[in-house]
Number of protein chains: 2
Amino acid sequence: MSVTDFEQRRNKILELIIEAHIASASPVGSEFVARKLRSSLSPATIRNIMGELEGDGYLSQPHTSAGRVPTDRGYRFYVDSVMDVRRISLDELRQIELLIRPAEVDLELLLERASAALAALSQQAGFAVVPTVKQSRVRQVEFVPLGVRKILCVLIANDEMIASHVVEIVEPMTRDEAVALARFINTELGGLSCRELMESLERRMLAERDSFYHVVKRSLDILQQALSTEPEERFVLEGTSALVSQPEFANDPRKAHALLKGLDAEEALLARIRQDIAPDGVRVRIGREVQVAGLEACSYLTAPVAAGDAVVGGIGVLGPKRMDYPRLRALVEGVSRCVTELLTRWDER
Amino acid sequence: MSVTDFEQRRNKILELIIEAHIASASPVGSEFVARKLRSSLSPATIRNIMGELEGDGYLSQPHTSAGRVPTDRGYRFYVDSVMDVRRISLDELRQIELLIRPAEVDLELLLERASAALAALSQQAGFAVVPTVKQSRVRQVEFVPLGVRKILCVLIANDEMIASHVVEIVEPMTRDEAVALARFINTELGGLSCRELMESLERRMLAERDSFYHVVKRSLDILQQALSTEPEERFVLEGTSALVSQPEFANDPRKAHALLKGLDAEEALLARIRQDIAPDGVRVRIGREVQVAGLEACSYLTAPVAAGDAVVGGIGVLGPKRMDYPRLRALVEGVSRCVTELLTRWDER
DNA sequence: ATTAGCACTCATTAGATTAGAGTGCTAACA
DNA sequence: TGTTAGCACTCTAATCTAATGAGTGCTAAT
């Protein structure tokens with residue numbers, strides 16, 4: 001037998017063990033693997049191989065007389081090298097479109113629905129990172145006077161992403177002045193993000209003299225106030241109850257409690273997930289890799305959501321380490337593609 | 001001893017038992033009550049009274065050799081007739097204002113913060129029922145053209161409640177037309193709620209002839225589209241993890257699971273809570289009174305949130321039946337007053 | 001009306017026993 | 001040299017038993 005033959009056999013056994021553990025939530029023994037292998041190898045041989053796999057850190061034993069359980073490293077190897085990459089079924093894709101489609105008028109709603117769909121189809125938690133105007137290119141700015149000293153500042157990034165905030169102004173402003181001011185800002189936009197726009201205005205303000213200085217300053221003041229309450233991005237997390245109901249948590253109150261604490265601190269999770277949202281497709285974080293206190297027993301998958309070429313946000317699934325990686329990978333990838341397609345098509349109009 | 005003396009004694013004992021149970025989460029025995037009563041009565045006498053209380057349905061025994069636990073009826077009697085009504089402490093009030101104040105520019109954000117504050121201070125779940133423009137009086141309508149066939153419809157109920165939706169229109173519209181149309185709708189508003197406005201427009205549409213018919217129809221179409229994706233109201237629920245960590249759930253996976261299922265169906269809970277939001281202050285629903293599947297082991301308190309005289313929404317706390325009613329009653333009442341004051345003051349400007 | 005005394009109930013806990021799942025090792029075998 | 005049957009060993013999980021003790025309800029005395 002050649003070296004690669006041995007390796008293949010090892011991997012096959014690792015795969016079987018991991019998949020059996022994912023299905024059963026309990027340790028897997030040599031006998032079970034032998035049966036699955038249709039007796040091409042005896043339990044004793046399999047025990048030897050399982051011993052090796054444990055030695056190399058892919059498996060571990062909860063206790064002497066138990067079967068084996070995958071380690072984080074085992075899962076990682078499985079995800080990277082062993083499991084087969086599937087595509088989402090057309091049937092599921094259709095279901096997703098049905099859930100998501102009606103919400104395509106509003107990006108936030110769309111991603112909320114997407115995360116709800118992920119939660120529903122995965123029976124675990126679904127999440128989405130939703131961009132806001134604050135970090136996007138603004139296409140149009142409008143001012144609507146509400147009274148003498150109040151105007152509504154409407155920031156339009158694109159048709160699905162709009163923010164409006166009431167701004168109090170010191171000097172009264174007529175309707176015409178408001179229109180003129182908005183027109184000025186609109187000429188300044190030129191494909192800049194909010195942040196860049198503000199910086200550009202600040203520079204101009206320092207450079208300009210006389211009466212025009214006031215126009216720029218006024219614009220800047222209003223924008224600053226309007227954006228002050230707008231968050232950088234929103235994080236949506238749904239279906240956490242399904243997560244807590246998974247056997248690893250339901251059977252162990254302490255683990256459940258740790259999980260809930262971890263989920264409560266959404267910022268920490270968001271910060272971690274943000275690092276994984278990249279144009280290169282689905283990413284997987286397993287167990288300790290998650291690096292969020294309380295979520296050591298969990299894994300998550302993320303995928304980017306793009307409009308055209310620009311990644312604008314992300315979606316994903318959070319579950320126990322013992323999750324169905326092939327299925328969920330396909331699911332997350334499918335939802336990501338589906339949403340991206342919707343956004344891109346919308347963008348092109 | 002007169003009849004009322006006996007009654008007072010009974011109530012005192014019921015009070016002691018309920019408060020002890022709230023504090024300890026376990027059944028309360030006669031000995032404990034006797035000690036609390038500073039030996040003015042012997043445990044045997046107390047047992048007799050406890051027997052009466054059980055006979056009348058205020059207490060029950062988990063099993064023969066356990067102490068007593070309050071029934072729903074017991075809690076109800078306690079809440080209605082026994083417990084003393086406190087006021088929130090100035091210290092807590094200050095804390096709440098600190099948490100809520102920065103969000104007063106936006107009603108939704110304000111109530112979100114309020115529910116978060118309730119969750120934090122109660123160590124249980126806090127919730128809020130947030131009104132939207134759809135069920136409110138609209139003060140001003142504005143149309144912002146986004147392109148030839150798209151306009152942004154901005155509905156302003158008041159400075160804290162604004163909704164904007166992109167609407168696709170069949171016939172192109174110039175900027176001037178948009179302004180004129182908005183002006184027309186604004187003259188029609190006159191203190192009507194969205195729903196009433198639509199109905200009034202529909203009536204006018206049927207009555208009008210000729211060119212003006214189109215103006216009305218067009219307005220109606222746009223408003224209908226704009227409002228189609230707007231929900232009637234929003235429901236915010238925070239701090240559910242603290243709720244699941246309460247001993248009654250943490251020690252019993254089945255109960256925890258039922259609770260999580262119940263919380264997942266937010267609509268059912270919202271529908272129930274809506275019935276309790278009335279101008280007459282704090283209301284309490286206990287155990288089975290909640291009438292939401294899965295939440296039989298919970299109670300909630302609600303209080304209205306008003307702007308001036310009009311109730312616009314509500315806030316409250318959801319926890320185990322075994323909750324500190326006097327404290328939470330004061331808390332919910334305090335937050336309700338605090339928010340209502342903010343809104344009213346804002347409204348008066 | 002109150003209470004001391006007491007028998008009784010029953011959940012909880014600890015300890016002991018057992019069953020069995022799964023292992024690692026050894027020695028035999030292909 | 002890789003594979004495998006056999007077997008002793010380990011440790012969990014389940015089941016049982018007994019002891020503990022918290023709390024009750026009843027009775028009879030005050």
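Here, the structure is the one placed above.
Here is what the cut-offs are and how they apply
- Residues numbered from 1 in each chain as written.
- Chains lettered and ligands numbered in written order.
- Predicted model: local features only at pLDDT ≥ 70, side-chain atom pairs only at ≥ 80, totals over all residues.
- Heavy atoms only, no water.
- Helix = DSSP H or I, 4+ residues; strand = E, 2+ residues; numbered from the N terminus.
- Buried < 20%, exposed > 50% of the residue type's maximum accessible area, 1.4 Å probe, protein only.
- Least-squares fit on C-alpha atoms with pLDDT ≥ 70 in both.
- Pairing = 2+ DSSP bridges.
- Axes fitted to C-alpha atoms, helices over the stretch in contact; angles between N-to-C directions.
- Parallel < 35°, antiparallel > 145°, perpendicular 65-115°, else oblique.
- Left-handed = near helix turned anticlockwise from the far one by under 90°.
- Contact = heavy atoms within 4.5 Å.
- Nonpolar A, V, L, I, M, F, W, Y, C, P; charged D, E, K, R; others polar.
- Salt bridge = Lys/Arg side-chain N within 4 Å of Asp/Glu carboxyl O.
- Polar contact = N/O pair within 3.5 Å; in protein donor to acceptor, adjacent residues only side chain to side chain.
- Buried area = accessible area lost by both parts, 1.4 Å probe.

**Let's talk about unusual backbone geometry**
For residues other than glycine, phi is negative in most cases, and the peptide bonds are mostly trans.
Residues and elements named next belong to chain B.
Piece 1. Here Ala25, not a glycine, exhibits a phi torsion of approximately 65°, which is positive.
Piece 2. Its location among the elements puts Ala25 in the loop between helix 1 (3-24) and helix 2 (30-36).
Piece 3. Overall, the relative accessible area of 32% leaves Ala25 in the partly exposed class.
Piece 4. Residue Gln291 is not a glycine yet carries a positive backbone phi of 55°.
Piece 5. Mapped onto the secondary structure, Gln291 falls in the loop between strand 8 (283-286) and strand 9 (298-307).

**A few points about the relation of the copies chain B and chain A**
Piece 1. Superposing chain B onto chain A requires a rotation of 180° together with a translation of 0.0 Å along the rotation axis, leaving an RMSD of 0.1 Å. Taken together, the rotation and translation relating the two chain copies correspond to the operation of a two-fold axis.

**Some details on the sheet that holds strand 6 (residues 161-168) of chain B**
The strands making up a sheet associate through backbone hydrogen bonding, with each pair oriented either parallel or antiparallel.
Residues and elements named next belong to chain B.
Piece 1. The antiparallel open sheet is built from three strands, whose spatial order is 4-5-6. In this open sheet, the two strands that pair with only one neighbour each are strand 4 (140-145) and strand 6. Averaged over all neighbouring strand pairs, the angle between strand axes comes to 20°, with direction disregarded.

**Focus: the packing of helix 5 (residues 90-100) of chain B against helix 14 (residues 325-348) of chain B**
Residue and element names in this part refer to chain B.
Piece 1. Between helix 5 and helix 14, whose axes approach to 10 Å, the crossing angle comes to 45°. Judged by the angle between their axes, helix 5 and helix 14 are oblique. The two elements helix 5 and helix 14 meet at a crossing, and its hand is right-handed. For the pair helix 5 and helix 14, the contacting residues are Glu92, Leu93, Ile96, Glu97 and Ile100 in the first and Arg327, Leu331, Gly334, Val335, Cys338, Val339 and Leu342 in the second.
Piece 2. Classifying every residue of the contact of helix 5 with helix 14 by side-chain character gives eight nonpolar, one polar and three charged.

**Digging into the pattern of salt bridges**
Piece 1. Counted under the stated rule, the structure contains 44 salt bridges over all chains.
Piece 2. Between A:Asp280 and A:Arg283 there is a salt bridge, with its nearest N and O atoms 3.4 Å apart.
Piece 3. A residue is classified by how much of its surface remains accessible, and A:Asp280, at 53% relative accessible area, is exposed.
Piece 4. Note that B:Glu97 is salt-bridged to B:Arg101, the shortest N-O span being 3.0 Å.
Piece 5. Among the residues examined, B:Arg101 registers a relative accessible area of 34% and is labelled partly exposed.

**A word on the environment of A:Glu52**
Piece 1. Among the secondary structure elements, A:Glu52 is positioned in helix 3 (residues 43-55).
Piece 2. Measuring from C-alpha to C-alpha, the distance between A:Glu52 and A:Arg10 comes to 8.9 Å, with 42 residues separating the pair along the chain.

**Comments concerning the sheet that holds strand 4 (residues 140-145) of chain A**
Residue and element names in this part refer to chain A.
Piece 1. The strand order across the open sheet formed by three strands is 4-5-6, and the pairing between neighbours is antiparallel. Each edge of the sheet is formed by a strand with only one pairing partner; in this case those strands are strand 4 and strand 6 (161-168). Pairs of neighbouring strands in the sheet enclose a mean axial angle of 20°, with direction left out of account.
Piece 2. The pairing of strand 4 with strand 5 (residues 150-158) spans six bridges and is antiparallel. Residue pairing in the sheet places Glu142 in a bridge with Val154 of strand 5.

**Overview of the side chain of B:Arg68**
Residues and elements named next belong to chain B.
Piece 1. Here Arg68 shows up in the loop between strand 1 (59-60) and strand 2 (69-70).
Piece 2. For Arg68, a relative accessible area of 12% translates into the label buried.
Piece 3. Looking at Arg68, its side chain comes within polar contact range of the side chain of Glu54, at 2.8 Å.

**A look at the interface of chain B and chain A**
Piece 1. If you look at the interface, chain B gives 28 residues, while chain A gives 28 residues.
Piece 2. Note on chain B versus chain A: buried area summed over both sides is about 2,400 Å², and carbon and sulfur give 56% of it.
Piece 3. It is B:Leu146, B:Asp159 and B:Ser241 in chain B that bury the most area against chain A; as a group they hold 17% of the surface buried on that side.
Piece 4. Here chain B is connected to chain A by two salt bridges.
Piece 5. Where A:Glu142 meets B:Arg175, a salt bridge forms, and the shortest distance between an N and an O atom there is 3.0 Å.

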